[in-house]
Amino acid sequence: MTLSITMTVNGDRLALTLDDPRTTLLDLLRDRVGLTGTKKGCDRGQCGACTVLVDGRRINSCLALAAAHDGSDITTVEGLAQGDDLHPVQAAFIAQDGFQCGYCTPGQIMSAVALIAEGEAGDDPERIREGMSGNICRCAAYAGITDAVREATRRMQQDERRSA
Amino acid sequence: MTPFEFIRPATLAEAVAAGAEPDSRYLAGGTNLLDLMKLGVAVPRRLIDISRLPGLDRIEAQPDGGLRIGAMVRNSDLARDPAVLRGHPAVAEALLSGASAQLRNAATVGGNLLQQTRCPYFQDPAAACNRRDPGAGCEAIGGVTRGHAVLGWTETCIATHASDFCVPLAALDARVEIAGPGGTREVGMAELHPLPDEDSAGNPAIRPGEVLTALVLPPGSDAFAGHSRYVKLRERTSFAFAVVSAAAMLDMDGGTIRAGRLALGGVAARPWRVAEAEALLAGQAPDAELFDRVAGVLTEGAHPSGQNGFKIALARRIAVRALVAAAAGTPARMPALPGSVFASEGDLTHV
Ligand SMILES: Cc1cc2nc3c(=O)[nH]c(=O)nc-3n(C[C@H](O)[C@H](O)[C@H](O)COP(=O)(O)OP(=O)(O)OC[C@H]3O[C@@H](n4cnc5c(N)ncnc54)[C@H](O)[C@@H]3O)c2cc1C
Ligand code: SF4
Ligand code: FES
Ligand code: FES
């Protein structure tokens, strides 16, 4: 069965035909849209490598059917930087050594962007670790990840104050 | 995954009609169903997307004081809802102790209530399983059964109910509304999650073509708001299913318990409540010895279904721990680690 869907991905409006409704949002992004930043780890919701924002909320794209997200607004890791200017969360991951092999990193970054937007963890490392617990890091870069999220949170708060 | 047809009905009536067709399944958040489809455990020929059905995503105070929660409300939105945080804090704590932020953003109320057991033999299409295939037998028996039931099980099925959310819901006497071809019916949590018996394995009591439309927290259930906790023992600090868990709620009149509610998770095919255990709390002052007696009555008759005898002592202790935490009072702010036994807030006595 063929389905026609539309989706906004990192600001671009796309019209797509799905010849198989089994396509997950993750496979659509990687194989059809060509955005391979979003990673497939477990494909079962257990690792967070596939985290993207759908209408501003973080979800596991491996447990989402593309067909069920017709009309959605998707942000992937490719949509964060403005040209060569990294998003504050990306910059903080580099500054704080928030990764080793980097496989989990796009998911970690997308999850962190959402965590900061949710606004419930603040600067508290315990709340940050809990809020990031859906993202597993096989290299165990957790200390750097927590520091990166704290740094990005602080920087984004400062930027907000400056622009207010 | 086996191929399927994907349809998105525009109305509840259309969804009910579509669901009655053979081999059809409803798709809500998909976090359980898609996983089972990838494993080849669920093989629908038709997937009916109900996630955007109109009118099912609201949380409404009822004229009688109850709270009606639409089946498509996302777990994360419910856990942040001011009325839930204020009136039913253990419900929010249980939700936030479950899965991950990403999964809670996708998972719906209805999907959480109707999620399947995490029994590894249920998840393996090559294993015999009475839940998947009535009469096939139960391959879990004699197998790897650390996570299986210690209460209310039979040789037909020894699986546990996996949901955290359902544990405080059971304690609060929550009900669900179900729309079907013959109209709407309302059932309690215990009825929705039957225990296995000699013939049936205890699947959720919802029939093909029925859509769970709402969850209702009964009027007066916010009386416990000041003393409500959910405590969950896991094999890692976060993002893991419960080994055992407990929801405890006390309605306090000064230093005396007016009424108490207590339910265990991770021990049976449904959240486990015993009226006689709760009755022991009424009119008493909170006290470790009393709580221990209550936990003893709650776990009376518990017996291992395999390699899980250790869960009986853990269940008893988690019940005491939840009661102690509830007696100390609901924390003003959600703990950094919701439901955790490592929570730094409150004065938790180690038992
Ligand atoms: C890695 C992982 C970890 C998890 N950890 C936890 C945990 O710690 N604690 C916990 O409690 N849960 C946990 N879960 C389970 C999670 O809570 C469930 O997957 C989720 O709540 C299901 O909701 P959903 O909307 O995605 O349901 P779906 O997957 O869409 O549906 C589940 C089932 O319910 C049926 N259904 C859904 N809605 C309706 C309706 N309104 N009417 C009729 N039928 C319906 C579907 O047909 C399907 O059979 C975890 C899941 C994963 C993948
Ligand atoms: S315990 Fe229940 S779910 Fe698990 S294999 Fe046996 S019958 Fe199936
Ligand atoms: S690939 Fe989606 S959670 Fe692991
Ligand atoms: S950096 Fe290697 S998995 Fe996280």
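Residues numbered from 1 in each chain as written. Chains lettered and ligands numbered in written order. Predicted model: local features only at pLDDT ≥ 70, side-chain atom pairs only at ≥ 80, totals over all residues. Heavy atoms only, no water.

Section: the interface of chain B and chain A
If you look at the interface, chain B gives 40 residues, while chain A gives 36 residues. Summing the contributions of chain B and of chain A, the shared interface buries around 3000 Å²; its carbon and sulfur component is 49%. The largest per-residue losses of area from chain B upon contact with chain A belong to B:Phe6, B:Lys38 and B:Gln102, which jointly make up 22% of the total buried on that side. Between A:Arg44 and B:Asp35 there is a salt bridge, with its nearest N and O atoms 2.6 Å apart. Remark: the boundary between chain B and chain A carries 21 residue pairs in polar contact (both at pLDDT 80 or more). Among the secondary structure elements, those contributing two or more residues to the side of chain B that touches chain A are strand 1 (5-7), helix 2 (33-38), strand 3 (46-49), helix 3 (75-80) and helix 6 (101-106) of chain B. At five residues, the largest contribution of residues to the side of chain B that touches chain A is made by helix 6 of chain B. (Contact = heavy atoms within 4.5 Å. Buried area = accessible area lost by both parts, 1.4 Å probe. Salt bridge = Lys/Arg side-chain N within 4 Å of Asp/Glu carboxyl O. Polar contact = N/O pair within 3.5 Å; in protein donor to acceptor, adjacent residues only side chain to side chain. Helix = DSSP H or I, 4+ residues; strand = E, 2+ residues; numbered from the N terminus.)

A short note on the sheet that holds strand 1 of chain B
All names here are of chain B. Strand order in this open sheet of three strands is 1-3-2, and the pairing throughout is parallel. Looking along the sheet, the strands with just one partner apiece sit at the ends: strand 1 and strand 2 (24-27). Shown here is a sheet whose adjacent strand axes are inclined to one another by a mean of 25°, direction ignored. Relative to strand 3, strand 2 is paired through four bridges, and the arrangement is parallel. When the sheet's bridge partners are listed, Tyr-26 is paired in strand 3 with Ile-48. Packed on one face of the sheet, helix 1 (residues 12-19) meets strand 1, strand 2 and strand 3 and runs near 145° to strand 2. (Pairing = 2+ DSSP bridges. Axes fitted to C-alpha atoms, helices over the stretch in contact; angles between N-to-C directions.)

Looking at the packing of helix 2 (residues 88-95) of chain A against helix 5 (residues 142-163) of chain A
Residue and element names in this part refer to chain A. It is at 8 Å that the axes of helix 2 and helix 5 come closest, and there the two elements cross at 140°. Here helix 2 is positioned oblique relative to helix 5, judged by the angle of their axes. Crossing angle aside, the handedness with which helix 2 passes helix 5 is right-handed. On helix 5, the residues touching Pro-88, Val-89, Ala-91, Ala-92, Phe-93 and Ala-95 of helix 2 are Ile-145, Ala-148, Glu-151, Ala-152, Arg-155 and Met-156. Along the lines of polarity and charge, the residues of the contact of helix 2 with helix 5 split into 10 nonpolar, no polar and two charged. (Parallel < 35°, antiparallel > 145°, perpendicular 65-115°, else oblique. Left-handed = near helix turned anticlockwise from the far one by under 90°. Nonpolar A, V, L, I, M, F, W, Y, C, P; charged D, E, K, R; others polar.)

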